[in-house]
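Fold and geometry: a report
Residue-level listing of the chains:
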Amino acid sequence: MSETDPRLRKMFEAVAQAIIAHADELTELDSAIGDGDHGHNMTRGMQAVLGELDALVAKPWNEALKAAGMQLVMKVGGASGPLYGTLFMTLGKSLDTPPTRDGLAAALHAAIEAVMARGKASAGQKTMLDVLVPVSEAVSAGRSSAEVAEVARKACAATKEMLATKGRASFLGERSVGHIDPGARSSQIMIETIAEQLGDAK
Amino acid sequence: MSNVGIVIVSHSPLVAEGTADMVRQMVGDEVPLAWCGGDPDGGLGTSVEAILAAIDRAWSEAGVAMLVDLGGAETNSEMAVEMLPDARSGKVVVCNAPIVEGAVVAATEASGGASLQEVRRTAEELSAL
């Protein structure tokens, strides 16, 4: 099968491997304020993406992202499946092929709106959105990949002192404070990996 | 069957099956009923694939009312409903009701031939108590 763009395979492999490499950390974060399955669930989803990699990279970017999103929806097994699945599928629906910097900013914005609708959540509730929203703003503002990665790192660290008002962690009330949100961390790992892969590409 | 169908989605297959047992014993066989529970590896969690299959098993032209437990069960159920063919997705609702009581009350309402909206409203009245 022919590959439409060699960057696509590298991107999917890098993101999947980064999540799988941090599975224990994600599970540990989730054990503190959730139900302790985030690392395991995301690993299962990313392994499904890797299992389909040859078929995925034969597609154009937008179709590949949609197909990867569908793998996450079907295989993750927790709320993060539909949330990350919706993120990837909407990115696929909205992104130009081949992707452009301006197109990426608009697609990211659309994808995050879709995640908000899926999770009935907004920024400030100690979720993945607390990383994705500032990242989207940084991309729209034309920041470099390294700057976007730094925004993601800071945003993830900032979830530690936040009070959870959405998701399982919200059941803990004040006890959710003092722990980094696992979904914010998995989002940050993905953003950092994508930023590294993109480098200064336009 | 012309009665509204009931689908039960729990993180735990034991909870889902036990809830379905209660519905069968308390309400009888007049409503199409299906359940699913557990993630794709059989651990605690929910699976969109299994939810889609359960909707199919409980399918009724009158529609399907879903009773779900926490968080991911709700998100995965809403995702599954959106993935249904257009002819079906408008006829499936996720009820905002406690899973066990909601399933029994919804099935009781459905067994009398109530519409999907009536079944949903009756189940959701439990959440307002």
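Residues numbered from 1 in each chain as written. Chains lettered and ligands numbered in written order. Predicted model: local features only at pLDDT ≥ 70, side-chain atom pairs only at ≥ 80, totals over all residues. Heavy atoms only, no water.

Re the overall build of chain A
Rules: Secondary structure elements are defined from DSSP: runs of H or I of at least 4 residues count as helices, runs of E of at least 2 residues count as strands, and each element is numbered from the N terminus. Based on C-alpha atoms, the radius of gyration is set beside the globule rule, defined as 2.2 Å times the residue count to the power 0.38. Using a 1.4 Å probe on the protein chains alone, a residue whose accessible area is under 20% of its type maximum counts as buried, one over 50% counts as exposed, and one in between counts as partly exposed. The contact rule is simple, with two residues in contact once any of their heavy atoms fall within 4.5 Å. With residues, only the protein chains shown are counted as cover, and all accessible areas are computed by Shrake-Rupley using a 1.4 Å probe.
Each helix and strand counted, chain A has ten helices and zero strands in total. Taken over the C-alpha trace, chain A has a radius of gyration of 16 Å; the compact-globule value for 202 residues is 17 Å, and the two agree within 12%. Out of the 202 residues belonging to chain A, those deemed buried represent 51%. Expressed as a percentage of contacts within chain A between residues at least 6 apart in sequence, the contacts between residues at least 24 apart total 67%. Accessible area for chain A stands at about 8,700 Å²; split by element, carbon and sulfur atoms hold 55% of it.

Regarding the pattern of salt bridges
Put simply, the rule is: One side-chain nitrogen of Lys or Arg within 4 Å of one carboxyl oxygen of Asp or Glu is enough to make a salt bridge.
As enumerated under the stated definition, the model contains 18 salt bridges over all chains in all. Across the pair R118(A) and E82(B) runs a salt bridge, and its minimum N-O distance is 2.8 Å. Of this pair, R118(A) sits in helix α7 (residues 101-119) while E82(B) is found in helix α3 (residues 72-83), placing the two residues in two different chains. When the shortest N-O distance is used, the salt bridge between E124(B) and R120(B) registers 3.2 Å. With E124(B) and R120(B) both in helix α6 (residues 116-128), this residue pair falls four residues apart, about one helical turn. Among the residues examined, E124(B) registers a relative accessible area of 25% and is labelled partly exposed. Within the structure, one salt-bridge network assembled from shared partners comprises E150(A), R153(A), K154(A) and E192(A).

Topic: empty space enclosed by the protein
Residues and elements named next belong to chain A. Note the threshold: Using only the protein atoms, space was sampled on a 1 Å grid; points where a 1.4 Å probe fits but cannot get out form cavities, open sets with protein on both sides within 12 Å along at least five of seven lines form pockets, and lining residues are those with an atom within 4 Å of a point. Grid points are joined across faces, edges and corners, and a volume is the space filled by probe spheres set on the points.
Considering all chains together, one arrives at one cavity of 30 Å³ or more under this definition. Within this model, the largest cavity holds a volume of roughly 710 Å³. Those elements giving two or more residues to the lining of the largest cavity turn out to be α1 (6-21), α3 (38-51), α5 (61-75), α6 (80-94), α7, α8 (129-140), α9 (145-158) and α10 (182-198).

Section: the interface of chain B and chain A
The criterion, for reference: Summed over both partners, buried area is the accessible surface (1.4 Å probe) that two parts give up on being assembled. Each residue is assigned to one class: nonpolar for Ala, Val, Leu, Ile, Met, Phe, Trp, Tyr, Cys and Pro, charged for Asp, Glu, Lys and Arg, and polar for all the others, Gly among them.
Taken together, the contacts link 20 residues of chain B with 19 residues of chain A. Both faces considered, chain B and chain A share a buried interface measuring about 1,500 Å² in area, 54% of it formed by carbon and sulfur atoms. With a shortest N-O distance of 2.6 Å, E78(B) and K120(A) are connected by a salt bridge. Sorting the residues of the side of chain B that touches chain A by element identifies α2 (48-57) and α3 of chain B as the ones contributing at least two each. Per element, the largest residue contribution to the side of chain B that touches chain A is eight residues, and it comes from α3(B). Across the side of chain B that touches chain A, the residue classes tally to seven nonpolar, seven polar and six charged.

Considerations on the packing of aromatic side chains
For the record, the criterion: Note on aromatic contacts: the rings of Phe and Tyr and the six-membered ring of Trp form a pair at centre separations within 6.5 Å, being stacked when their planes are under 30 degrees apart, edge-to-face when over 60 apart, and tilted otherwise. Remark: a charge is flagged as sitting over a ring if the NZ atom of Lys or the CZ atom of Arg is within 6 Å of the ring centre and within 35 degrees of the ring normal.
Under the definition given, this model contains zero aromatic pairs over all chains. When the ring centre of W59(B) is taken as origin, the NZ or CZ atom of R88(B), which lies over that ring, is 4.1 Å away.

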